[in-house]
Amino acid sequence: MPPPDLDDSDAGVSALKDQAVTGMLWNFGGHFLRVFLQFAFGVLLARLLAPEAFGLLAMVMVFSGFAQLFCELGLAAAIIQKRDLDERHLSSIFWFNLGAGGILTLAFVLLAPALASFYRQPRLAPLVAAVSPVFVFSALVIVQHSLLTRRLAFKKLFFAESAAVLVSGAVAVLLALHGFGVWSLVCQTLLMAALQGAFLWFQGRW
């Protein structure tokens, strides 16, 4: 009986290590670039907008950020870690997340007046309703993002996420220059989620 081909095995392990190292570098680079871009756009918007605009959006994000935790429920980690993953699993997770995102969006639209009353800030109601579609946008990309992470395709994630931050930040600055106030921040939030979803769907092709 011939001995196993150790060279092929070693070559496979070496290739996997190289892929992991390359992916880690792309992941680190993408994180650094996104933080830098968000900081740069934040500084520009802080010069263009009144502090009240950031305060209003922060009130909205307190509730939306908390609700976002319940939308994904650890299913992204399940896609990444599950050994035997088939189409049935992906479809179930996708439709569950989309349904949860739709329910949260509807709930936020209906609760917008109550949240505005809670803060005693009538201007908050339309902002809450406008930001609510971010739950659907986020739900649409959980499977795509998880599959790319599972495949160590961090280069694709780098371009998709960085491009979304860049375009949405630039649009927000332009809107702020034209006097849109807090709505420039709302647009930035929605556009970043929507563009990231579009880019990930193009890259993932699931």
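Bear in mind the structure is a predicted one, so any value in this text is a computation, not a measurement.

(A) Quick look at the nonpolar core. Ranked by size, the top nonpolar core spans 32 residues in total, and within it Leu-45, Leu-124, Leu-127 and Val-128 carry the most contacts. At the level of secondary structure, the elements contributing two or more residues to this core comprise α1 (6-48), α2 (51-72), α4 (87-119), α5 (124-131), α6 (134-150), α7 (154-177) and α8 (182-204). For this core, the leading source of residues is α8, giving seven residues. Once you skip the residues sitting within four places of it in the chain, Leu-127 turns out to touch Leu-56, Val-60, Val-182, Trp-183 and Val-186. If you look at the next biggest cluster of nonpolar residues, it comprises seven residues, including Leu-148, Phe-154, Ala-160 and Leu-200.

(B) A nonpolar patch on the surface, seen in detail. There is a patch of nonpolar side chains on the surface, built from Val-21, Met-24 and Leu-25 and spanning about 300 Å² of accessible area. With respect to the helices, strands and loops of the structure, Leu-25 is situated in helix α1.

(C) Representation of the environment of Thr-22. Residue position: Thr-22 is located in helix α1. On the basis of relative accessible area, Thr-22 is assigned to the partly exposed category, the value being 39%. C-alpha of Thr-22 to C-alpha of Ala-153: the two residues are 131 residues apart in sequence and 9.4 Å apart in space.

(D) Representation of the pattern of salt bridges in the model. A complete count under the given rule lists three salt bridges for this structure. Between Glu-52 and Arg-123 there is a salt bridge whose closest N-O contact spans 2.8 Å. Taken together, the residues Glu-52 in helix α2 and Arg-123 in the loop between α4 and α5 connect sequence positions 71 residues apart. A relative accessible area of 42% places Arg-123 in the partly exposed class. With its nearest N and O atoms 3.7 Å apart, the salt bridge here joins Arg-88 to Asp-86.

(E) Region of interest: α7. With 24 residues, α7 extends 34 Å from end C-alpha to end C-alpha; this agrees with the ideal 34 Å at 1.5 Å per step. Looking at the residues trailing α7, positive phi occurs at Gly-179, about 85°.

(F) Local environment of the side chain of Arg-34. Looking at where Arg-34 falls in the secondary structure, it is placed in helix α1. Taking relative accessible area as the criterion, Arg-34 reaches 17% and is therefore assigned buried. Here Arg-34 is in contact with Glu-161, Ser-162 and Val-165, once residues within four sequence places are set aside.

(G) Looking closely at the packing of aromatic side chains. Summed over the entire model, instances satisfying the criterion amount to seven aromatic pairs. Centre to centre, the rings of Phe-94 and Trp-201 are 6.0 Å apart; their planes meet at 75°, and the pair counts as edge-to-face. Separated by 107 residues along the polypeptide, Phe-94 in helix α4 and Trp-201 in helix α8 bring together distant segments of the chain. Summarising the aromatic geometry, the rings of Phe-158 and Phe-159 are spaced 5.1 Å apart at their centres and angled 85° between planes, so their arrangement reads as edge-to-face. Within the aromatic cluster, the residues linked to one another by ring pairs are Trp-26, Phe-158 and Phe-159.

(H) Focus on the packing of α4 against α6. One can describe the packing of α4 onto α6 by two numbers: an axis separation of 7 Å at closest approach and a directional angle of 160°. The angle between α4 and α6 places the two elements in the roughly antiparallel class. Here α4 and α6 pass one another in a crossing that is right-handed. Residue-level inspection shows Leu-90, Ile-93, Phe-94, Asn-97, Leu-98, Gly-101, Gly-102, Leu-104, Thr-105 and Phe-108 of α4 in contact with α6, the latter providing Phe-135, Val-136, Ala-139, Leu-140, Ile-142, Val-143 and Leu-147. Partitioning the contact of α4 with α6 into residue classes produces 13 nonpolar, four polar and no charged.

About the thresholds
Residues numbered from 1 in each chain as written. Predicted model: local features only at pLDDT ≥ 70, side-chain atom pairs only at ≥ 80, totals over all residues. Heavy atoms only, no water. Core = buried A, V, L, I, M, F, W, Y, C linked by side-chain atoms within 4.5 Å. Buried < 20%, exposed > 50% of the residue type's maximum accessible area, 1.4 Å probe, protein only. Helix = DSSP H or I, 4+ residues; strand = E, 2+ residues; numbered from the N terminus. Contact = heavy atoms within 4.5 Å. Patch = residues over 30% accessible without salt bridge, like charges linked within 9 Å, V, L, I, M, F, W, Y side chains within 5 Å. Areas by Shrake-Rupley, 256 points an atom, 1.4 Å probe, with all protein chains shown as cover. Salt bridge = Lys/Arg side-chain N within 4 Å of Asp/Glu carboxyl O. Expected span 1.5 Å × (residues − 1). Phe/Tyr/Trp six-rings, centres within 6.5 Å; stacked < 30°, edge-to-face > 60°. Axes fitted to C-alpha atoms, helices over the stretch in contact; angles between N-to-C directions. Parallel < 35°, antiparallel > 145°, perpendicular 65-115°, else oblique. Left-handed = near helix turned anticlockwise from the far one by under 90°. Nonpolar A, V, L, I, M, F, W, Y, C, P; charged D, E, K, R; others polar.

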